[in-house]
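Examining the three-dimensional arrangement
As a plain string of letters, each chain reads:
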Number of protein chains: 2
Amino acid sequence: MKALVTQENLNKALSTVSKVASSRTTLPILSNILIKASKGSLKISATNLEMAVTAEFGAKVDEEGELTIPARLSTEFISSLPHENITLTSEGSNLLVSSTGYESVLNGTSSEEYPSLPTISSKNKITLKTAELKKALNQVLFASSSDDSRPVLTGVLFTNHDGFIYLVATDSYRLAEKRLVESKDDINCIVPASALTELSRIMNDTEEEVMLSWDDQQMRFSVGGVELITRLIDGKYPDYRQLIPAKGEFLMEIEKPSFVSVAKISGLFARESAGSITLHIDGDLGELVVSSVASQLGQNKATSKIVSSGSADITLNSKYLLDGLAAINSDGVDFSFSTKTTPCIMSAQGETDVDYKHVIMPLRS
Amino acid sequence: MKALVTQENLNKALSTVSKVASSRTTLPILSNILIKASKGSLKISATNLEMAVTAEFGAKVDEEGELTIPARLSTEFISSLPHENITLTSEGSNLLVSSTGYESVLNGTSSEEYPSLPTISSKNKITLKTAELKKALNQVLFASSSDDSRPVLTGVLFTNHDGFIYLVATDSYRLAEKRLVESKDDINCIVPASALTELSRIMNDTEEEVMLSWDDQQMRFSVGGVELITRLIDGKYPDYRQLIPAKGEFLMEIEKPSFVSVAKISGLFARESAGSITLHIDGDLGELVVSSVASQLGQNKATSKIVSSGSADITLNSKYLLDGLAAINSDGVDFSFSTKTTPCIMSAQGETDVDYKHVIMPLRS
């Protein structure tokens, strides 16, 4: 291999890809990245066997070739070099890197030792606005489960009904559902949250569109010169529409900053009771009183003005409430509820056509 | 106790003081802070038995009194309250906190259970500019030792000679010496680095002056309404002036950004050799070549232009070199050296009257 690249391009590709390479693996080669020079371009790839990320950019390639080099050292090293041209030359399985004032050798390995990267060929394709997908992922990802005992819940469901594509995540205590775009495509994929978190980091604001394609086992996201392919999670996602009400019996309307403030402060006092706070909704008085269950350190009562069509006492996890509120992009929140044992549904205030719903299961009080 | 305070004042005092209170202690009361209402003012104090910090501010006090409350909860709680007046009322050993919309109880304990705070009465006093002391601490603190086996090295020496006060810190591998102000006061105190780190955090830019007073066992820093008293470290500080040369045989002049860059990049390749990099100074060629000892992952050579009166190969710890360079506030660095086994001395370029010296012991190569 012999190639001439700019520091900026190489640095950008390495920082996009290298997070997927891990040194905490039983397969040492996975802490390396694969670098491949073809006519006119360089491809940098990394995989953790669950997903693979590849970044491609233009380069002056005098001699084609491929090898693998240590991900972390290469990334830190290249990012520290001055913004000048860099020459990459292979010497056996090592890579010589030279730039004005710097001559380095990165000890590599042959590309033959690197696992083969997944490919996908499928007619299933949709194109989304990058900004919209990024926002949607922000609104649902945190609600997925980190508990491996139910693998399907560690992913985000991409599904379609009523002519729309929806993203859904739940850890069985709370659920987030985001309506994405109109589409007649039939899609029913559970995508690992870890891959989507990585995707969210990779998608930058300069690229307008991201293309999704998928088959039964994999999904690919292509955005600019970057491609992420992830395996799908095998299994049946719970039929969440059967389990949650579309809306509650009563509706409380509240200003979001005020709701955040009372939930946050009461949550401070609820650390010993695992974040358990009680919402006392009084529709007649037009008042919400949030109190934390008495703890060793103290207790708290916080009051906020509301408009509500009904009254109830509901005990929630303050962290889940705050997570949900953070995902609602609106100055006002519609909080729909029935009894102290039925799920609460939150959405942006006053929207007749709600595209984001956040559901929280109450705690026993 | 019954007092009326502003959220801003109480929040500022709590955030100044509460870091000293620790929950990782065998004495649970030390995770509390002491709050004391006297006529016209409120005092908030915390101690970890090594040091104590007190912040005082104006308050409308209707009823004097004192008690202790949990530091962390109180600080987080008060900082989350709206910027309005807060009423504090004691009820037994508990504190009722009320503000518009919020009614809380912080479970406290009687102040009698709290350790008595240190006091100091001494004629030894000097006043320093806050900004200068803060800068000086930044330049020396990092060079103190974190190894408790030689307690004196975990502190910073405040000493005077030649009519000046100096701050000195060393971990025996490197040494930082900062000349502070002209003074005829006799001072010879070893102040724990942990207390000075806390002091540095506390000193803010709105207060122009800080007053130091000390006796044989303690030192007090007073800045604005805040007071920090720390015990001194008992023992004899090494006679560092005997051990280090005032300057080396040769002088290398180098631009600081360029020195930082070559040291940083070579350091990346030196992780497996504990940061060991070799400076090849060639006075005839006017060139510094920094190379990292060959490692498993790769190796590097970085070149920079210099002017030097001599030549030598010197092996240094790249972290120590970078720490030292970061403390030198200048575009150019004077690097004074003799042989590969004698200490190197760094200072700001071209200063005839050097007020900051950084000394690094070479590694065996």
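Right, let's get into the packing of aromatic side chains. Overall, the coordinates contain twelve aromatic pairs over all chains when judged by the stated rule. Relative to Phe337(B), the ring of Phe335(B) lies with its centre 6.1 Å away and its plane at 40°, an arrangement referred to as tilted. Accessibility expressed as a relative area gives 0% for Phe337(B), which makes it buried. Through successive ring pairs, a cluster of aromatic residues spans Phe250(A), Phe259(A), Phe335(A) and Phe337(A). Here the guanidinium or amino end of Arg241(B) rests over the ring plane of Tyr166(B), the centre of that ring lying 5.4 Å away.

Attention now goes to the pattern of salt bridges. By the definition in use, this model includes 22 salt bridges over all chains. Among the ionic pairs, Glu66(B) bridges to Lys36(B), the shortest N-O distance being 3.6 Å. Highlighted residues: Glu66(B) in strand β6 (residues 65-70) and Lys36(B) in strand β2 (residues 32-38), separated in sequence by 30 residues. Given a relative accessible area of 37%, Glu66(B) falls into the partly exposed group. Where salt bridges share partners, they join Asp171(A), Arg174(A), Lys319(A) and Asp323(A) into one cluster.

Turning to the side chain of Gln218(B), a few remarks are in order. Residues and elements named next belong to chain B. By the element assignment, Gln218 lies in strand β17 (residues 218-223). Only 3.0 Å separates the side chain of Gln218 from the backbone oxygen of Thr119, close enough to count as a polar contact. Setting aside chain neighbours within four positions, we find Gln218 in contact with Pro118, Thr119, Ile120, Ser213, Ile229, Thr230, Arg231 and Leu232.

Turning next to the relation of the copies chain B and chain A. Superposing chain B onto chain A requires a rotation of 180° together with a translation of 0.0 Å along the rotation axis, leaving an RMSD of 0.0 Å. Put plainly, the chains are arranged around a two-fold axis. The C-alpha atom lying nearest the rotation axis in chain B is that of Arg24(B); the distance is 15 Å.

Further remarks concern the packing of helix α3 (residues 130-140) of chain B against helix α4 (residues 193-202) of chain B. Residue and element names in this part refer to chain B. With their axes 10 Å apart at the nearest point, α3 and α4 run at an angle of 135° to one another. Relative to α4, α3 is oriented oblique. As for how α3 packs across α4, the hand of that crossing is left-handed. Of the residues in α4, those touching α3 at Leu133, Lys134 and Leu137 are Leu196, Leu199 and Ser200. When its residues are assigned to classes, the contact of α3 with α4 shows four nonpolar, one polar and one charged.

With that settled, consider the sheet that holds strand β27 (residues 356-360) of chain B. Residue and element names in this part refer to chain B. Strand order in the open sheet made by the nine strands is β15-β12-β13-β14-β27-β26-β25-β19-β23, with antiparallel pairing throughout. A single partner strand is all that each edge strand has here, and the edge strands are β15 (188-192) and β23 (307-308). This element, α4, spans β12 (155-161) and β15 of the sheet and lies at about 75° to β15. The strands touched by helix α6 (residues 256-268) are β19 (250-255), β25 (332-337) and β26 (344-348); relative to β19, the strand with the most contacts, the crossing angle is about 90°.

Note on strand geometry: in a regular strand, side chains alternate between the two faces of the sheet. All names here are of chain B. Burial runs high along β25: six of the six residues are buried. Residue alternation in β25 divides its side chains into two sets, Gly332, Asp334 and Ser336 and Val333, Phe335 and Phe337, and both sets are buried. Judged from the six bridges that link them, β19 and β25 form a sheet pairing that is antiparallel. The residue bridging Phe250 from the neighbouring strand is Phe337, located in β25. In this structure, β25 lies alongside β26, joined through four bridges in antiparallel fashion.

The next thing to look at is the interface of chain B and chain A. Across the boundary between the two partners, chain B contributes 30 residues, which contact 30 residues of chain A. Of the roughly 2,500 Å² buried between chain B and chain A on both sides combined, carbon and sulfur atoms contribute 55%. The largest contributions to the chain B side of the interface with chain A come from Leu73(B), Tyr102(B) and Leu297(B), which together make up 21% of the buried area. Scanning the region where chain B abuts chain A turns up two salt bridges. Between Arg271(B) and Glu76(A) there is a salt bridge; the shortest N-O distance is 2.6 Å. On the surface where chain B and chain A come into contact, there are 18 residue pairs in polar contact (both at pLDDT 80 or more). Broken down by secondary-structure element, the contributors of at least two residues to the side of chain B that touches chain A are α2 (71-80), β9 (102-106), α6 and β22 (298-305) of chain B. In terms of residue count, the dominant contributor to the side of chain B that touches chain A is β22(B) (six residues). Here the residues of the side of chain B that touches chain A are counted per class, giving 13 nonpolar, eleven polar and six charged. Relative to β22(B), strand β9 (residues 102-106) of chain A runs antiparallel, the two being bridged by five bridges. Within the sheet, the bridge partner assigned to Tyr102(A) lies in β22(B) and is Ala302(B).

This part takes up the environment of Asn85(B). Residue and element names in this part refer to chain B. Position of Asn85 relative to the elements: it lies in strand β7 (residues 85-91). Here the alpha-carbon distance between Asn85 and Met219, two residues 134 residues apart in the chain, equals 35 Å. Once you skip the residues sitting within four places of it in the chain, Asn85 turns out to touch Leu4, Val5, Thr6, Ser98 and Ser99.

The rules we used
Residues numbered from 1 in each chain as written. Chains lettered and ligands numbered in written order. Predicted model: local features only at pLDDT ≥ 70, side-chain atom pairs only at ≥ 80, totals over all residues. Heavy atoms only, no water. Phe/Tyr/Trp six-rings, centres within 6.5 Å; stacked < 30°, edge-to-face > 60°. Buried < 20%, exposed > 50% of the residue type's maximum accessible area, 1.4 Å probe, protein only. Lys NZ or Arg CZ within 6 Å of the ring centre and 35° of its normal. Salt bridge = Lys/Arg side-chain N within 4 Å of Asp/Glu carboxyl O. Helix = DSSP H or I, 4+ residues; strand = E, 2+ residues; numbered from the N terminus. Polar contact = N/O pair within 3.5 Å; in protein donor to acceptor, adjacent residues only side chain to side chain. Contact = heavy atoms within 4.5 Å. Least-squares fit on C-alpha atoms with pLDDT ≥ 70 in both. Axes fitted to C-alpha atoms, helices over the stretch in contact; angles between N-to-C directions. Parallel < 35°, antiparallel > 145°, perpendicular 65-115°, else oblique. Left-handed = near helix turned anticlockwise from the far one by under 90°. Nonpolar A, V, L, I, M, F, W, Y, C, P; charged D, E, K, R; others polar. Pairing = 2+ DSSP bridges. Buried area = accessible area lost by both parts, 1.4 Å probe.

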